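Residue-level structural notes
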Amino acid sequence: MTDFDAVVIGAGVLGCNAAWHLQERGCRVLVLDEARGPATRTTRAAAGFVCLFSTIHRQEWGQTEWLMQDYGIEFYSRLSQSTGKDFAFHRSGIAYLYLTEQGWTDIQPCIATASAYGTPLEVLTSHRAQTILPQVAFDTTVGIIFDSRSLRLRAADAIPALAAQVEQRGGEIRYDVKVDGFALEGGRVSGVRTTEDVVAGECVVVAAGAWSRPLLAPLVCLPGEPTIVARYTTRPLPGVDEHLPMLMFSDSVHRFFIREERGGLLIGGADLQPLPADRAINATAPPHGIDGLPQDHAYRMREHLRKVEHVLPLLRQADIEQTDAGLPVYTEDRRFVADSIPGVEGLYALAACNEAGVTHGPALGRHLAELIVDGDTRLPRSRYAIDRF
Ligand SMILES: Cc1cc2nc3c(=O)[nH]c(=O)nc-3n(C[C@H](O)[C@H](O)[C@H](O)COP(=O)(O)OP(=O)(O)OC[C@H]3O[C@@H](n4cnc5c(N)ncnc54)[C@H](O)[C@@H]3O)c2cc1C
């Protein structure tokens, strides 16, 4: 018998959620991370939107992902209460802004679908916009929809709170430990090889973010391409506090996300296709950490935002104070990977976050724990299978 039922590689949002949900099902867990603490890579850079995104933000996400998003909202609400930690958790709601007739027309059927799932969507009138979003010049938009249930947090603080809870519940987390392979015995995994020794475990979960693919390369080709995504924060700005709803400029030509952060704004967004070269990464050999990643994307966002200053005049003052960037991993269908590794019993991957691992992390962790412990999952397993491509 080994000391651990499960060894989880990675103490980012996916690894910590996997560990927490495995504990829920009675497992003794060990989390290993090569960094000095939890949430030091892509999770650190996250904007921290935890939202009912299905169909409104991403048409690829349907009811299954909606159930995951709903669970994410419930999970972090409980985490905030049970830890009492300040991780900038606020039920601020999210407003989606449309500046073109085309964007507004295109979103109408999605509003109906999302509402049918249960998203409390309200199409704002001028009067309601004035109450909820006084910072926005409503007349410059074609339409705004508001979802009051979605929330935001600072993942760089929330996931350490989650990691601490894993430890309080008897789990072990070892930092400064790099995993460089797996111990295999007769077609099944018996532990992981670290730079120091072999750590035994009944099963192993690879949740190493953009670094999962090279780690698993000798055994399987993990789907998903890592891409540099940067965002920036501003100095505190007048009239900005935690009550400001998260904002999503959602037209295809203007795609920005904005939320309050320490009295200023946290801002990011999408580049137009094709992606600029400064966002490309070699998926098989990503850079060692995230600290040296180019931040050009954030500087481009600053310039793009000038085109919507008339909508949100605050943006005239939204200069860059600090930037950060991470390496989310995208699949073609924008769905996650939560599955066993074919041909290696006891080895699993929780990967391909599609820039939404904070929102979907709790449900992905629960899904994988169900698969490992119960052998059956409440969400359809094939939807997140490794071999679906
Ligand atoms: C700018 C930006 C904004 C975002 N905004 C949002 C948002 O608003 N909402 C949302 O839901 N998502 C958002 N995301 C996405 C979210 O940040 C990611 O989905 C999530 O952080 C991925 O977590 P992870 O655990 O897979 O990876 P990571 O956080 O990168 O964690 C992987 C961990 O594995 C460790 N590791 C790697 N290799 C090894 C090894 N060999 N041995 C031991 N340890 C190893 C690393 O040290 C690291 O701690 C955003 C991302 C970015 C970059």
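Preceding this paragraph is the structure being described.
Scanning all chains against the criterion turns up 10 aromatic pairs. With centroids separated by 5.5 Å and ring planes inclined at 50 degrees, the aromatic side chains of Tyr98 and Trp104 adopt a geometry described as tilted. The pair formed by Tyr98 and Trp104 is uniform in burial state, with each residue classed as buried. Each ring, one from Phe249 and one from Phe256, has its centre 5.9 Å from the other, and the planes form 75 degrees; the classification is edge-to-face. With a relative accessible area of 2%, Phe249 lands in the buried category. Among the aromatic residues, those joined into a ring-pair cluster are Trp20, Tyr71, Phe75 and Tyr76. The ring of Trp211 is capped by Arg41, whose NZ or CZ atom sits 4.4 Å from the centre of that ring. Seen from the ring of Tyr71, Arg366 lies directly overhead, with NZ or CZ sitting 3.9 Å from the centre.

So, on to the pattern of salt bridges. Applying the stated criterion across every chain, the model contains 32 salt bridges. A salt bridge links Arg259 to Glu261; the shortest N-O distance between them is 2.8 Å. Classification of Arg259 as buried rests on a relative accessible area of 1%. For Glu261, a relative accessible area of 8% gives the class buried. In this structure, Arg300 engages Asp278 in a salt bridge whose closest nitrogen and oxygen atoms are separated by 2.7 Å.

Strand order in this open sheet of 6 strands is 8-2-1-12-21-20, and the pairing throughout is mixed. At either margin of the open sheet sits one strand with a lone partner, and together these are strand 8 (172–174) and strand 20 (337–340). Ignoring strand direction, the axes of neighbouring strands in this sheet form an average angle of 15 degrees. Direction of pairing for strand 12 (residues 203–206) relative to strand 21 (residues 347–351): parallel, over a ladder of 3 bridges. Its bridge partner being in strand 21, Val204 is matched across the sheet by Leu347.

Tracing the backbone through its elements, the reader meets Thr43 in helix 2 (residues 42–45). If near-sequence neighbours (up to four positions away) are discounted, Thr43 is found in contact with Gly12, Val13, Ala155, Ala156 and Ile159.

Turning our eyes to something else, we now look at the site of the ligand. Asp33, Thr43, Cys353, Gly357 and Thr359 are the nearest of the 34 residues found near the ligand. Leu14 is positioned such that a nitrogen or oxygen atom in its backbone is 3.1 Å from an oxygen atom of the ligand. In this structure, Gly357 approaches the ligand through a main-chain N or O atom, which is 2.8 Å from an oxygen atom. Protein burial of the ligand: of its 1,000 Å² of free accessible surface, 98% is covered by the chains. Those elements giving two or more residues to the shell around the ligand turn out to be helix 1 (13–24), helix 2, strand 14 (229–233) and helix 9 (357–374). Its residues assigned to classes, the shell around the ligand comprises 19 nonpolar, 9 polar and 6 charged. For the shell around the ligand, the two domains that each supply at least three residues are domain 1 (6–44 + 156–223 + 332–388) and domain 2 (94–148 + 228–326).

Basis of the calculations
Each chain carries its own residue numbering, running from 1 in the direction its sequence is written. Only residues with pLDDT of at least 70 get local features here, since the model is predicted, and only at 80 or more are side-chain atom pairs given and counted; chain-wide, interface and lining totals rely on the full set of residues. Excluding hydrogens and water, the side-chain values take into account all heavy atoms of the structure. To pair, rings of Phe, Tyr and Trp, with the six-membered ring standing in for Trp, must have centres within 6.5 Å; the planes then decide the type, stacked if under 30 degrees apart, edge-to-face if over 60, and tilted in the middle. The buried label applies to any residue whose accessible area, calculated with a 1.4 Å probe on protein chains only, is under 20% of its type's maximum; exposed applies above 50%, and partly exposed to all values in between. The criterion is that NZ of a Lys, or CZ of an Arg, lies within 6 Å of the ring centre and within 35 degrees of the ring normal, and then a charge sits over that ring. Within this document, salt bridges are pairs made up of a side-chain nitrogen of Lys or Arg and a carboxyl oxygen of Asp or Glu, the two lying within 4 Å of each other. A strand pair is defined by DSSP finding two or more bridges across the two strands. Each helix is a run of H or I in the DSSP string that is no shorter than four residues. Each strand is a run of E no shorter than two, and both are numbered from the N terminus. Helix axes use the C-alpha atoms of the stretch in contact, all axes being lines fitted to C-alpha atoms, and the angles between their N-to-C directions lie in the range 0 to 180 degrees. Note on definitions: a residue-residue contact is assigned when non-hydrogen atoms from the two residues lie within 4.5 Å. Whether a residue is near a molecule or strand depends on its heavy atoms: if one lies within 4 Å, it is near. We call two N or O atoms a polar contact when they sit within 3.5 Å, provided that within protein one can donate a hydrogen and the other can accept it, with sequence-adjacent residues counted only if both atoms are side-chain atoms. The protein chains shown are the only cover counted for residues, whose accessible areas, like all others here, come from Shrake-Rupley with a 1.4 Å probe. The residue classification treats Ala, Val, Leu, Ile, Met, Phe, Trp, Tyr, Cys and Pro as nonpolar and Asp, Glu, Lys and Arg as charged. All others, Gly included, are polar. Segmentation into domains, and thus their bounds, comes from an automatic or database assignment.

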